[in-house]
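Given next are the chains, with one letter for each unit.
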Amino acid sequence: MNERLSFLREKSLALTHESGVYLMKNKSSTIIYVGKAKNLKNRVSSYFRSLDKHTPKVYAMVQQVYDFDIMVTTGEFEALVLECHLIKLHMPRYNILLKDDKGYCYLKMDSGDFPKIYPCRKKEEDGCKYFGPFMSYSVVAQMAESVNKTLGLPTCRRKFPEDFKKERPCLNYQIKQCIGVCRGNISKEEYAEYINRAEEMLSGKTEKARRTLEKDMLMAADNLEFEKAARIRDRIKAIDKFFQKQRVVYAGAKNQDVIAFVELDRKVSAAIMKFRDETLVDKREFFWNDSGNISEIRNEFLKSYYIMGGEEIPPLIIIDEQIDDRELLERLLNENSQRKVSLLVPQRGDNVRLLEMAKLNASQRLSWGQGRTDREVTLLNDIKSLLKLPKTPNYIEAYDISNIGSDTIVGAMVVFAATKPLKANYKKFSIKDLTSPDDYTSMKEVLKRRFFHYLDPKEEDRGFKTLPDLILIDGGRGHLFAACEVLTSLGLDIPTFGMVKDSRHRTRAIESLDGEIAISPVKNVFSFITNVQDEVHRYAISFARKSHSKSAFESQLQKVPYIGEKRAAALFMHFKTKKAMSEASPKDFESVPGMDKRAAKSLYEAFLSGKIS
């Protein structure tokens, strides 16, 4: 029995639910099996439970597993391509043992003037082109179907040019999924161009295929070949859809490393995605515990990894944040590699998406054993980075003021533990010292009362005794200054920001003391701040409406003979709701502290007669 089984099981249960590739390793760190998964957590954990249900081959492999690694991708197609590449690269022992009953399969492009693309199970020396090997015949069939549909290549059994114009075009031509070679209107030179685009797509050069077709379309239009230009235009649209599904085989990443760093609770993880010849060939992870400043780690790591570590230095290194002395480090890298090397922090485009993938992988390493998903770790790290916080915001409080007229002014506090609402710690505040609405004064009162509780040594409420890592105020610069004034007067140093809305009351930006911070480019942060702002507003307005309704009803009660302000408040404290009060008997009313028989009878008759509605 594998002595590491409990460790492996626990580690697998902490994995992400994203798709990706997993690599099983033996005690000497040799990769013995590579597999892909639509859901990494479910797939990998299945190996380490119910061992008696495994086949003998799988059981034997599991007994050899000492550890495993994963590569998170953003789609199952990516996982398939990466799995095939890693199997060819490492030739793991158990991939052959586990899958040799089905054998490898390939995508075949046959020879001739009008070649077709289709799946096959055997590679032969027949002059045809093959792509693979792949592990799943059904998935290879899907890939062939996808490329054929995208470019409109024929999938019928007709042979060309022998079968030109012998029969009417099939249904695929009618529904614009085939360019209609059978009509005899496509020359072998034009068809060769389509096949070239297919080769580029199957080799991961989708963007190159698109650019070439774009040039062909413009040339056809210039030559007044409008029907041909329209066909190419349709193919370009189809390629755009196809391209959205592929990001592991990346046409722009010819020779580059993509590096992202993530921090959580004084732990830092880095993931390096290594692209060579437009393919993701490797992923490496590094981890530092109780490490301190992530910026210092980033700076030192890049120098030690590439200069002292003797790693291959690619011409382009994508990093997630700017580093100190970037130009000096580039110069040093240039001298060591004897060529130009660039350190780039991308702001938009494909490299930004590749950085997101690297962040997911770095976050996955930190999320193990933390009770959080990789996306939560990435979000918290992005908030910390964007707002330049001193530490990861694991406990966040948000505040809002709501008023209905001048008689109902309330404040609300909502709490997010990491990225999830912690409703048990929500707080409500009734503003009673104001005779007219004043958001700034109200915000000051709410924060003073909240942090007076925190500073009170006798306070036991966890909602008050926990000091937040981040405070978010629903409002702009004025609200922010009011909040900061209170915190400063109490000697509290808590990062505080405003949540700014646009003219349509939608989240727009974060307000800091130094000016606005745009959050819309960072989608996960923008979505989270929007959720926080919506939640605190909902909670505040709900409390305001309830308070206003209660206030109006108390006014009605005080019009009943023998019922004054104190008795009205006592009645509400006892019955909680108007409905419960309307169903009460005179004896029920008498049981309320401060009530007597005369007041109870008067109130009962008021409900009975409908004077109180």
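Residues numbered from 1 in each chain as written. Predicted model: local features only at pLDDT ≥ 70, side-chain atom pairs only at ≥ 80, totals over all residues. Heavy atoms only, no water.

**Q** Break down the overall build of the protein chain for me, citing the residues and quoting the values.
**A** Helix and strand content of the protein chain: 22 helices and 19 strands. The buried share of the protein chain, reckoned over its 613 residues, is 48%. Intrachain contacts of the protein chain at a sequence separation of at least 6 include 61% that bridge at least 24 residues. In the structure as shown, the protein chain presents an accessible area of about 31100 Å², 49% of it carried by carbon and sulfur atoms. (Helix = DSSP H or I, 4+ residues; strand = E, 2+ residues; numbered from the N terminus. Buried < 20%, exposed > 50% of the residue type's maximum accessible area, 1.4 Å probe, protein only. Contact = heavy atoms within 4.5 Å. Areas by Shrake-Rupley, 256 points an atom, 1.4 Å probe, with all protein chains shown as cover.)

**Q** Outline the side chain of Asp-474, listing residues and values.
**A** Inspection of the secondary structure assignment puts Asp-474 in strand β16 (residues 470–474). In terms of polar contacts, Asp-474 uses its side chain to reach the side chain of Gln-533, at 2.9 Å. Once residues lying within four places of it in the same chain are set aside, the contact partners of Asp-474 are Tyr-399, Asp-400, His-479, Met-499, Lys-501, Gln-533, Val-536 and His-537. (Polar contact = N/O pair within 3.5 Å; in protein donor to acceptor, adjacent residues only side chain to side chain.)

**Q** Residues and numbers for the sheet that holds strand β1 (residues 20–25), please.
**A** Pairing is antiparallel across the open sheet formed by three strands, whose spatial order is β2-β1-β3. The sheet is open, and its two borders are formed by β2 (31–37) and β3 (67–72), each paired with just one other strand. Each strand of the sheet is rotated relative to its neighbour by a mean of 20 degrees, with strand direction disregarded. Both β1 and β2 contribute to a ladder of six bridges, which runs antiparallel. In the strand pairing of β2, Val-21 is matched with Lys-36. Contacts between helix α2 (residues 40–47) and the sheet are confined to β1, β2 and β3, with β1 contributing the most and set at about 25 degrees to the helix. (Pairing = 2+ DSSP bridges. Axes fitted to C-alpha atoms, helices over the stretch in contact; angles between N-to-C directions.)

**Q** Report on helix α22 (residues 597–609), specifying residues and quantitative values.
**A** Under the 1.5 Å per step criterion, the end-to-end length of α22 is 18 Å for 13 residues, consistent within 8% with the ideal 18 Å. All buried positions along α22 are accounted for by Ala-599, Ala-600, Ser-602, Leu-603, Ala-606 and Phe-607. In an axial view of α22, the angular spread of the buried residues amounts to 165 degrees, which keeps them on one side of the axis. Exposed side chains of α22 directed beyond 90 degrees from the buried face belong to Lys-597, Arg-598, Lys-601, Leu-608 and Ser-609. For α22, the side-chain oxygen to backbone nitrogen distance between the N-cap and Arg-598 is 3.3 Å, and the N-cap itself is Asp-596. Of the residues flanking the end of α22, it is Gly-610, one or two places downstream, whose phi is positive at about 85 degrees. (Expected span 1.5 Å × (residues − 1). Arc of directions from axis to C-beta.)

**Q** Now, about helix α3 (residues 56–64): what can you tell me, with residues and values included?
**A** In an α-helix, one full turn covers 3.6 residues, which means residues spaced three or four apart are oriented alike. Taken together, the buried positions of α3 are Val-58, Met-61 and Val-62. In an axial view of α3, the angular spread of the buried residues amounts to 100 degrees, which keeps them on one side of the axis.

**Q** Explain the packing of aromatic side chains residue by residue, including any values.
**A** Using the criterion set out here, one finds 22 aromatic pairs in the structure. Taken together, a centroid distance of 5.2 Å and an interplanar angle of 50 degrees make the contact between Phe-114 and Tyr-191 tilted. Placement of the pair is Phe-114 in the loop between β4 (105–109) and β5 (117–120) and Tyr-191 in helix α8 (residues 188–202), with a sequence separation of 77 residues. By the burial criterion, Phe-114 is buried, and Tyr-191 matches it. Where Phe-416 meets Phe-528, the ring centres are 5.6 Å apart and the plane angle is 85 degrees; that geometry is what we call edge-to-face. (Phe/Tyr/Trp six-rings, centres within 6.5 Å; stacked < 30°, edge-to-face > 60°.)

**Q** Hey, could you go over the packing of helix α13 (residues 350–367) against helix α14 (residues 374–387) for me, with residue numbers and the actual values?
**A** Look at α13 against α14: their axes get within 8 Å of each other, and the N-to-C directions meet at 105 degrees. Here α13 is positioned roughly perpendicular relative to α14, judged by the angle of their axes. Within the contact between the two elements, α13 uses Lys-359, Leu-360, Ser-363, Gln-364, Leu-366 and Ser-367 and α14 uses Asp-374, Arg-375, Val-377, Thr-378 and Asp-382. (Parallel < 35°, antiparallel > 145°, perpendicular 65-115°, else oblique.)

**Q** With reference to specific residues and values, describe the confidence of the model for the protein chain.
**A** Scored by pLDDT, the protein chain has a mean of 84; 89% of the residues are at 70 or more. Note that pLDDT drops below 50 for residues 245–249; the model gives that stretch 23 contacts with residues more than four away or on any other chain. (pLDDT = per-residue confidence, 0-100.)

**Q** Could you give me a rundown of the pattern of salt bridges, with the residues and numbers involved?
**A** This structure, assessed with the given rule, holds 27 salt bridges. Residue Glu-485 is joined to Lys-444 by a salt bridge in which the shortest nitrogen-to-oxygen separation is 3.2 Å. Highlighted residues: Glu-485 in helix α17 (residues 477–489) and Lys-444 in helix α15 (residues 439–455), separated in sequence by 41 residues. A salt bridge links Glu-445 to Arg-449, with the nearest nitrogen and oxygen atoms 3.0 Å apart. Here Glu-445 pairs with Arg-449, and both are found in helix α15, just four residues apart, close to one helical turn. Residue Glu-445 is classed as buried on the basis of its relative accessible area, which comes to 16%. The exposure class assigned to Arg-449 is partly exposed, which follows from its relative accessible area of 31%. What emerges from the salt-bridge pattern is a single network uniting Arg-298, Asp-320 and Glu-321. (Salt bridge = Lys/Arg side-chain N within 4 Å of Asp/Glu carboxyl O.)

**Q** Pulling in residues and values, what's your account of the nonpolar core?
**A** With 28 residues, the main nonpolar core has Leu-107, Ile-117, Leu-151, Leu-153, Tyr-191 and Ala-198 as its most contacted residues. Here this core takes six residues from α8, the largest share from any one element. Residues within four places of Ile-117 in sequence aside, it is in contact with Leu-107, Lys-108, Met-109, Ala-144, Val-147, Asn-148, Leu-153, Ala-198 and Leu-202. Formed by 24 residues, the second largest nonpolar core is a distinct cluster that contains Ala-412, Met-499, Ile-517 and Phe-528. (Core = buried A, V, L, I, M, F, W, Y, C linked by side-chain atoms within 4.5 Å.)

**Q** A description of unusual backbone geometry should follow, citing residues and the corresponding values.
**A** Between Phe-160 and the following residue, Pro-161, the backbone shows a cis peptide bond with an omega angle of 10 degrees. One non-glycine residue, Ser-50, lies in the positive phi region at around 50 degrees. Mapping Ser-50 onto the fold places it in the loop between α2 and α3. On the basis of relative accessibility, which here comes to 40%, the residue Ser-50 falls in the partly exposed class. One non-glycine residue, Gln-338, adopts positive backbone phi at about 60 degrees. Tracing the backbone shows Gln-338 in the loop between α12 (326–337) and β11 (342–344).

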